[in-house]
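# An overview of the molecular structure
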Amino acid sequence: MLELTDVEAWRSFASEQRSKGRRIGLVPTMGALHEGHVSLFRAAKGTSDVVIATIFVNPRQFHDTGDLERYPRTPERDRDLALACGVACLVSPTLDAMWPDYPAPTPTTVTLGALGEVFEGADRPGHFDGVASVVAKLFVITGPCRAYFGEKDFQQLAVIRQMVRDLSFDVDVVGQPIVRDDDGLALSSRNVLLSPEGRRQALGFSRALRHVAEASRSADAQRATLRSVLEDAGVDVAYVEVVDSSTLVPSRDDETGERRALVAGFVEGIRLIDNGPVEVVGR
Ligand code: PAF
């Protein structure tokens, strides 16, 4: 496995691979890799000729410096996992290589409009500008590729798809299903920060989503169920919503069809999110 920190070496590696007719699968990450990332590596390996993974804890997408400092970092383990998963090139760019002006704001950023301002974007101002701007850089440096993202960050996936469409990136965005532990908890790098009791409370997320997936009811009834299951579990709820899967526009109570339930909240001060499919039946 080739390990790079230099942006130009990464750009050359990608363009050399393409010149040999190889299709590139890009897996952008912030490290602290887990089975969710492994599923992205596997998907990338299955449908591309060469997998490039990036590890960069992007400070511009954290609006809370405490959250950035607490974000888990496990570089040796990440390297071993990427190697075991058949990643051809692991890129860990330095902060200076990605954002030479940091902590001053970059004059050029990608902003998403409404899609970036709701849900996670409303609670974490600037978060999606930071995500979109760094992902745009990853796409520009890597060049034409398939890029793999988890559906666990459902809004992030929608934001990236919108950016690719609006800015005509030559990138196929591939979403991969959420990977859960046996107890139902959606895998997240932040889970390691939970105590055993916190983890028990966090199971409220998957329980709430299971409840609404099992019974087709109106969007408002689904929202009420999500909130009450989360509150009963002791989660400090940030939001619950039932939305159209592509536009993320909240469903009206008289609508019927396949929708997505989005949930977010705090357990032991750690922000967690989850989502799942739901069938709503208009009232
Ligand atoms: O999902 C993540 O790990 C990050 O938001 C991403 C897409 C790598 C951008 O920093």
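Residue positions within a chain follow its written sequence, with the count starting from 1. Since the coordinates come from a predicted model, pLDDT governs what is reported: local features require at least 70, and pairs of side-chain atoms require 80 or more to be given and counted, while whole-chain, interface and lining totals use all residues. Hydrogens and water are ignored here; the side-chain numbers use all heavy atoms of the structure.

### Things to note about the site of the ligand
Taken together, Pro28, Thr29, Met30, Gln61, Val134, Val135, Phe149, Asp153 and Gln156 make up the full set of residues adjacent to the ligand. Distance and chemistry together define a polar contact, namely a pair of N or O atoms within 3.5 Å, with one atom able to donate a hydrogen and the other to accept it when in protein, and with adjacent residues in sequence counting only for side-chain atoms on both sides. One of the side-chain nitrogen or oxygen atoms of Gln61 is found 2.6 Å away from an oxygen atom of the ligand. At 2.7 Å from an oxygen atom of the ligand is found a side-chain nitrogen or oxygen belonging to Gln156. In this analysis, the protein atoms alone were mapped onto a 1 Å grid. Cavities are point sets where a 1.4 Å probe fits without being able to get out; pockets are open sets with protein on both sides within 12 Å along at least five of seven lines; lining residues have an atom within 4 Å of a point. Grid points define the cavity or pocket, and a molecule sits in it when more than half of its atoms lie within 2 Å of them. Judged by the fraction of its atoms near the pocket grid, the ligand is located in the largest cavity. Counting from the N terminus, the helices are DSSP H or I runs at least four residues long and the strands are E runs at least two residues long. Those elements giving two or more residues to the shell around the ligand turn out to be strand S2 (24-29) and helix H7 (127-142). Residues were grouped as follows: Ala, Val, Leu, Ile, Met, Phe, Trp, Tyr, Cys and Pro as nonpolar; Asp, Glu, Lys and Arg as charged; and all remaining residues, including Gly, as polar. Here the residues of the shell around the ligand are counted per class, giving five nonpolar, three polar and one charged. Nearness of a residue to a molecule or strand requires only that one of the residue's heavy atoms be within 4 Å of it.

### Points about the pairing of strand S8 (residues 257-267)
The buried fraction of S8 amounts to nine of the eleven residues, a majority that puts the element mostly inside the structure. Two strands are said to pair when DSSP picks up at least two bridges between them. Relative to S8, strand S7 (residues 236-243) runs antiparallel, the two being bridged by seven bridges. Each bridged residue has a counterpart across the sheet, and for Val240 the counterpart in S8 is Val263. Relative to strand S9 (residues 270-280), S8 runs antiparallel, the two being bridged by eleven bridges. Paired with Gly257 across the bridge in S9 is Val280. The hairpin formed by S8 and S9 contains two residues between the paired strands, and Glu268 there has a positive phi angle of roughly 50 degrees. Buried residues are those whose accessible area, probed at 1.4 Å on protein chains only, stays under 20% of the maximum for their type, while exposed residues exceed 50% and partly exposed ones sit between those limits.

These figures capture arrangement, not role.
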